[in-house]
There are 2 protein chains.
Amino acid sequence: MDRIEEWSRELFSFDVRPFLEERIFTPGEFILREGSFPQHLYFLTQGRAKIYTTHKNGKVSLLSFPAAPDLIGDMELLEVRRGSLCVQALTRCHFWVVDSRRCLPQLREDPKFLWFLCNHVARRSARQTSTLTIQQAYPLRNQLAAFLLMASEGDRYRQRHTEAAEYLGVSYRHLLYVLAQFRQEGLIAREGGEYRILDRAALEALAAG
Amino acid sequence: MDRIEEWSRELFSFDVRPFLEERIFTPGEFILREGSFPQHLYFLTQGRAKIYTTHKNGKVSLLSFPAAPDLIGDMELLEVRRGSLCVQALTRCHFWVVDSRRCLPQLREDPKFLWFLCNHVARRSARQTSTLTIQQAYPLRNQLAAFLLMASEGDRYRQRHTEAAEYLGVSYRHLLYVLAQFRQEGLIAREGGEYRILDRAALEALAAG
DNA sequence: GAATTTATATGAGAAATCTCACATCCGGAA
DNA sequence: TTCCGGATGTGAGATTTCTCATATAAATTC
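These remarks concern the structure in this document. Treat the numbers as computed from the prediction; the structure is a model and nothing was measured.

Taken together, the 42 residues of chain B in the interface contact 43 residues of chain A. Approximately 3,900 Å² of surface area, both sides summed, lies buried where chain B meets chain A, with 64% of it carried by carbon and sulfur atoms. Where chain B packs against chain A, one counts 0 salt bridges. Between chain B and chain A we count 17 residue pairs in polar contact (both at pLDDT 80 or more) in total. Of all the secondary structure elements, the ones that give two or more residues to the side of chain B that touches chain A are β5 (60–64), α3 (100–108), α4 (111–137) and α6 (161–168) of chain B.

Following this line, the structure appears as structure tokens:
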């Protein structure tokens, strides 16, 4: 496969292929589980997963939906986190898996890879900053508007409400409440099993705060 | 100053001193302002600052209180953020300032520095993940307990309520409400201008969820 | 020192959000 | 097919949190 060669040349200064393995996870399968200590770096090349954590009070926080191309296991490589999150495949997921334990010395000396990693982690941090402050400053109404726009394909929105609630950090009940409000205001409409965006401009205005 | 030399040897493979400058900010002074594009990396060696952002609806989110040793301007160096945050000195702040524009080529090739940067950014991201999910899953009661323990020195808590409210992402009114609750339950007591922690164990239990 | 701002404090009522209860619908497993 | 767990939807009432008004104390400015 020369896709691998091209890709590995782009991200690494050294030949990473000896430490590389291709791997496929089926829907529902765990890439990382709470309490596990991965020794690998997972490059998601195809598919979609979800990252979440469960709290002592039983609530689940859905952190993100990584989709190809993305990187999983970076925080664990940097040893800033120790198995506090779950990563689970949503669709069939293809990975290029780097045995980071075996090639850690090379990784630590590879400016090309490290620059990529810095950018990757920093981008995630910037997203989190934004999510965190928006969540502190606005009610669900505004956040949901942004989420509808972000998670819809064209005018169609078809996410599981259970997942959306966990992602937005509100109760299922309240999510349905605000969705009903939007419907009543003519911003969205239900069509069979999914929703259709009727007034994109109004949602964008809400999302912008 | 050989403190600088020692420090620069620890973080950089190349001689960073030609690009280095020492700088002091007085309390209240801005290190970064909203809308500015810093071309520098600020190593906080002494003092304490605050990072915040203001939303369109007027609310202020206090993100963190960087204290020495810490790093400011890293996200901007990596170009994942463009002047959306304010950083303001709380106490007199001493910095070692690297002119990152002039030495960007060296920085991008320096695995020692990049490894440090990765770790730094990743640690911040891990903190944010934790903050974000805890905030989604628990009411102020629990978060405040954690904050009191974190922000107190010994048994004494003496933070500005205005700042605490912005940091915790709740209204001033509500913060006072829950503080009064804690007082009534005998967890804390007011002593002059400050508070004293009476029942650390109970607070720890609350903080743990 | 007077004036002005900023922080502290508290009340009342409204809005946002949560919990729990219950009904329906659908897809997969036996 | 039947059964069952999960997802959807809705109601009622409780809890958390917000907004606004108001008052005083402390700090800053002039």
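This next bit is on the pattern of salt bridges. Residues and elements named next belong to chain A. One pass over the structure, following the stated rule, counts 24 salt bridges over all chains. A salt bridge links E5 to R17; the shortest N-O distance between them is 3.7 Å. One end of the pair, E5, is in helix α1 (residues 2–11); the other, R17, is in the loop between α1 and β1 (20–25), and 12 residues separate them in sequence. For R17, a relative accessible area of 39% puts it in the partly exposed group. Via salt bridges that share partners, E5, R9, D15 and R17 belong to a single interconnected network.

Let us now look at the protein's contact with DNA strand D. Surrounding DNA strand D, one finds 17 residues, the nearest of these being H161(A), R173(A), R190(A), S171(B) and H174(B). Those atoms of DNA strand D that come within 4 Å of the protein belong to sugar or phosphate at a rate of 58%. Separating a phosphate oxygen of DNA strand D from a side-chain N or O atom of H174(B) is a distance of 2.7 Å. Listing elements by their share of the surface near DNA strand D, those giving two or more residues are α6 (161–168) and α7 (172–184) of chain A together with α7 (172–184) of chain B. At 4 residues, α7(A) tops the list of elements feeding residues into the surface near DNA strand D.

Its rotation angle being 180 degrees, the transformation that places chain B on chain A also includes 0.0 Å of axial translation and leaves an RMSD of 0.1 Å. Such a combination of rotation and displacement between the chain copies is what one expects of a two-fold axis. Taken as a fraction of all interface residues of chain B, those also at the interface in chain A reach 100%, which identifies the copy contact as same-surface.

The next point concerns the pairing of strand β11 (residues 194–197) of chain B. Residue and element names in this part refer to chain B. Here strand β9 (residues 156–157) runs beside β11; their pairing, made up of 2 bridges, is antiparallel. Bridging from a neighbouring strand, R156 pairs with R196 of β11. With 4 bridges joining them, strand β10 (residues 188–191) and β11 adopt antiparallel strand pairing. Bridge pairing in β11 links I188 to I197. Count of turn residues in the β10/β11 antiparallel hairpin: 2 residues, of which G192 carries a positive phi of about 65 degrees.

About the cut-offs
Residues numbered from 1 in each chain as written. Chains lettered and ligands numbered in written order. Predicted model: local features only at pLDDT ≥ 70, side-chain atom pairs only at ≥ 80, totals over all residues. Heavy atoms only, no water. Contact = heavy atoms within 4.5 Å. Buried area = accessible area lost by both parts, 1.4 Å probe. Salt bridge = Lys/Arg side-chain N within 4 Å of Asp/Glu carboxyl O. Polar contact = N/O pair within 3.5 Å; in protein donor to acceptor, adjacent residues only side chain to side chain. Helix = DSSP H or I, 4+ residues; strand = E, 2+ residues; numbered from the N terminus. Buried < 20%, exposed > 50% of the residue type's maximum accessible area, 1.4 Å probe, protein only. Near = heavy atom within 4 Å. Least-squares fit on C-alpha atoms with pLDDT ≥ 70 in both. Pairing = 2+ DSSP bridges.

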